[in-house]
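Coordinate analysis (summary)
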Amino acid sequence: MQRGIRGTIIWIGKSSNHDELPDNLLNFIRRFNNPPKRYTMKRNFSRRKFISGAVAAGTLAAGSRAMAQQSGSIRGFDHVALPMQHTEEMLAFYRGLGSRVIENANACSVYFGDQMINFHRPAHWQDKTFTLRAPAARPPCGDLCFVWDGTPESLKGMLHRAGAKIIEGPVERQGGRQKTASSVYVRDPDGNLLEFMIYP
């Protein structure tokens, strides 16, 4: 015995003749397929109540998502912009750190993963018509911290190949992850301070 479409019981057996079914089974099938009016009303009411509740819950959830989208939050840094003085030396240095460099007429973009440093070329940041910058910024004015994904030995090797001299470290520092890390400090050809941090 199985329940068919829309709650109707269909008998599947050796015979399709209802006269050959046991009386108690035949009565049960008739009662199920033709329930009393009171039972049907109660079932229909429960179904309407369930659907109404589901619609209300869906509306509330959609409203909550809309409010979350409207409120939003700051996810993190996308890039920083700094004025640059010694263009060729700076680009060679940052390429030595393993970064990808894209050049255009006004700036050189240096990429580390999903983050970027925009180094404005000297002619661009000295142009008085260029106002979308910190007006008092002159090279060197950067103090940047990078997260190194590797061992202290591999970091020292990379800095040595790039021609960077460690001026301090390793020392313990508290980072943006609110954890203690080990840091070393170097300077780039313009004199910007660079910190390389290793989290445990």
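This structure is a prediction, so every number in the text was calculated from the model and none was measured.

What follows covers the layout of surface pockets. There is about 820 Å³ of room inside the largest pocket. For the largest pocket, the lining is made up of 24 residues, of which Phe-112, Gln-115, Cys-145, Phe-146 and Val-147 are closest to its centre. Broken down by element, the residue count for the lining of the largest pocket peaks at 5 residues, all from strand E7 (residues 143–147). When its residues are assigned to classes, the lining of the largest pocket shows 14 nonpolar, 5 polar and 5 charged.

So, about the pattern of salt bridges. Taken as a whole and assessed by the stated rule, the structure comprises 3 salt bridges. With its nearest N and O atoms 2.9 Å apart, the salt bridge here joins Arg-121 to Glu-103. Of this pair, Arg-121 sits in the loop between strand E6 (115–120) and helix H4 (122–125) while Glu-103 sits in strand E4 (residues 100–103); the two residues are 18 residues apart in sequence, bridging distant segments of the chain. Classification of Arg-121 as buried rests on a relative accessible area of 18%. The class for Glu-103 is partly exposed, based on a relative accessible area of 41%. Across the salt bridge formed by Glu-168 and Arg-173, the nearest N and O atoms sit 3.5 Å from each other. Classification of Glu-168 by relative accessible area gives partly exposed; the value is 40%. Because the salt bridges share partners, they merge into one network encompassing Arg-95, Glu-103 and Arg-121.

Below, the discussion takes up the nonpolar core. Membership of the largest hydrophobic core comes to 24 residues, with the highest contact counts inside it found for Tyr-94, Leu-97, Ile-117, Phe-119, Leu-159, Leu-194 and Phe-196. Looking at this core, the elements with two or more residues in it are helix H3 (87–96), strand E5 (107–112), E6, E7, helix H5 (152–162), strand E9 (180–187) and strand E10 (193–198). Among residues more than four places away in sequence, those in contact with Leu-194 are Phe-93, Tyr-94, Leu-97, Leu-144, Phe-146, Val-184, Tyr-185, Val-186 and Asp-188.

Okay, the packing of aromatic side chains next. Applying the stated criterion across every chain, the model contains 5 aromatic pairs. Judged by centre distance (4.8 Å) and plane angle (50°), the ring pair of Phe-112 and Phe-146 falls under tilted. Taken as a pair, Phe-112 in strand E5 and Phe-146 in strand E7 lie far apart in primary sequence, 34 residues in all. Residue class for Phe-146 comes out buried when judged on its relative accessible area of 13%. When the ring of Phe-146 is compared with that of Phe-196, the centres are 5.3 Å apart and the planes differ by 25°; the resulting orientation is stacked. Here the residue Phe-146 occupies a position in strand E7, and Phe-196 occupies one in strand E10, the gap between them amounting to 50 residues. Look at Phe-196 and you get buried, because its relative accessible area is 4%. Grouped by ring-pair contacts, the aromatic residues Phe-93, Tyr-94, Phe-112, Phe-119, Phe-146 and Phe-196 constitute a single cluster.

The rules behind these values
- Residues numbered from 1 in each chain as written.
- Predicted model: local features only at pLDDT ≥ 70, side-chain atom pairs only at ≥ 80, totals over all residues.
- Heavy atoms only, no water.
- 1 Å grid on protein atoms, 1.4 Å probe; cavity = no way out; pocket = protein on both sides within 12 Å on 5 of 7 lines; lining within 4 Å.
- Points joined across faces, edges and corners; volume = space filled by probe spheres on them.
- Helix = DSSP H or I, 4+ residues; strand = E, 2+ residues; numbered from the N terminus.
- Nonpolar A, V, L, I, M, F, W, Y, C, P; charged D, E, K, R; others polar.
- Salt bridge = Lys/Arg side-chain N within 4 Å of Asp/Glu carboxyl O.
- Buried < 20%, exposed > 50% of the residue type's maximum accessible area, 1.4 Å probe, protein only.
- Core = buried A, V, L, I, M, F, W, Y, C linked by side-chain atoms within 4.5 Å.
- Contact = heavy atoms within 4.5 Å.
- Phe/Tyr/Trp six-rings, centres within 6.5 Å; stacked < 30°, edge-to-face > 60°.

Geometry only, nothing functional implied.
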